[in-house]
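# Topology and contacts: notes
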Amino acid sequence: MAVNRRRKLVLHWLILLSLLFASEVRADLGAGKAKAKMCAACHGIDGLSKVADAPNLAGNGELYLARQLKAFRSGERKHPQMSVIAAGLNDDDIAVVTAWYSAIKVSVELPQ
Ligand code: HEC
């Protein structure tokens, strides 16, 4: 009886933790989408490039995107627009905005 009750308690905690985790992921994506508004003119809110010289961001790895933004921020990588934009992003901004762009699902069609 006591063991059963303990099991139920553990189960309840696991459910609660997974709900908390899921809502945190959603909150991150919401914050990322909001941050992506300042990228949208060039990269689109959908991560598909809107100007000829900007790359698509949709579906790229989070690690890769974050590394590029940090390289722009530190000056290791230089670009007249991106260096200025990245200079205004803190680590949290980079985490949420790259989570947003990498969570976008892309599908491809190979040329015939
Ligand atoms: C005014 C247009 C513009 C805006 C706004 C802009 N970008 Fe860019 N971004 C560019 C261009 C152009 C490049 C290509 C840089 C190069 O040629 O080296 C680029 C490159 C990047 C790259 C490197 C991608 C790769 O594969 O190398 C990342 C990541 C990126 N931008 C993220 C962002 C994020 C996140 C925002 C918003 C916070 C943003 N950019 C806002 C124009 C823009």
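Going by the structure above, here's the rest.
Computed from a predicted model, the values in this text were never measured in an experiment. (Residues numbered from 1 in each chain as written. Predicted model: local features only at pLDDT ≥ 70, side-chain atom pairs only at ≥ 80, totals over all residues. Heavy atoms only, no water.)

## Considering the nonpolar core
Side chains of a nonpolar character, in soluble globular proteins, are inclined to be buried together. In terms of nonpolar packing, the biggest core is built from 16 residues, with A36, L69, I94, V97, W100, Y101 and I104 touching the most fellow members. For this core, the secondary-structure elements that each account for two or more residues are α3 (62–74), α4 (82–87) and α5 (91–103). When neighbours within four sequence positions are excluded, I94 is seen to be in contact with A66, L69, K70, R73 and L89. (Core = buried A, V, L, I, M, F, W, Y, C linked by side-chain atoms within 4.5 Å. Buried < 20%, exposed > 50% of the residue type's maximum accessible area, 1.4 Å probe, protein only. Helix = DSSP H or I, 4+ residues; strand = E, 2+ residues; numbered from the N terminus. Contact = heavy atoms within 4.5 Å.)

## Details of the site of the ligand
Not every one of the 19 residues close to the ligand is listed here, only the nearest: C39, C42, H43, Y64 and M82. Within the side chain of Y64, an N or O atom sits 2.8 Å from an oxygen atom of the ligand. One of the side-chain N or O atoms of R77 is found 2.8 Å from an oxygen atom in the ligand. It is α3 that contributes the most residues to the shell around the ligand, 5 residues altogether. Of the residues in the shell around the ligand, the class split is 13 nonpolar, 4 polar and 2 charged. (Near = heavy atom within 4 Å. Polar contact = N/O pair within 3.5 Å; in protein donor to acceptor, adjacent residues only side chain to side chain. Nonpolar A, V, L, I, M, F, W, Y, C, P; charged D, E, K, R; others polar.)

## Digging into the packing of helix α1 (residues 2–35) against α5
Where α1 meets α5, the axes come as close as 7 Å, and the angle between the chain directions of the two elements is 95°. The angle between α1 and α5 falls in the class roughly perpendicular. From α1, D28, L29, A31, G32, K33 and K35 reach across to α5, where they touch D93, V96, V97, A99, W100 and A103. Looking at the contact of α1 with α5, its residues break down into 7 nonpolar, 1 polar and 4 charged. (Axes fitted to C-alpha atoms, helices over the stretch in contact; angles between N-to-C directions. Parallel < 35°, antiparallel > 145°, perpendicular 65-115°, else oblique.)

## Describing a nonpolar patch on the surface
Where nonpolar side chains cluster on the molecular surface, the patch consists of L9, V10, L11, W13, L14, I15, L16, L17, L19 and L20 and spans about 1000 Å² of accessible area. Mapping L19 onto the fold places it in helix α1. A relative accessible area of 54% places L19 in the exposed class. (Patch = residues over 30% accessible without salt bridge, like charges linked within 9 Å, V, L, I, M, F, W, Y side chains within 5 Å. Areas by Shrake-Rupley, 256 points an atom, 1.4 Å probe, with all protein chains shown as cover. Salt bridge = Lys/Arg side-chain N within 4 Å of Asp/Glu carboxyl O.)

## With respect to α5
Working note: α-helix, 3.6 residues per turn, so residues spaced by three or four point in the same direction. For α5, with 13 residues, the first-to-last C-alpha span of 18 Å sits near the 18 Å given by 1.5 Å per residue. Residues of α5 that are buried: D93, I94, V96, V97, T98, A99, W100 and Y101. Those residues of α5 that are buried are in contact with α1, α2 (40–43) and α3. Among the residues of α5, the N-terminal cap falls to N90, whose side-chain oxygen and the backbone nitrogen of D92 are separated by 3.0 Å. (Expected span 1.5 Å × (residues − 1).)

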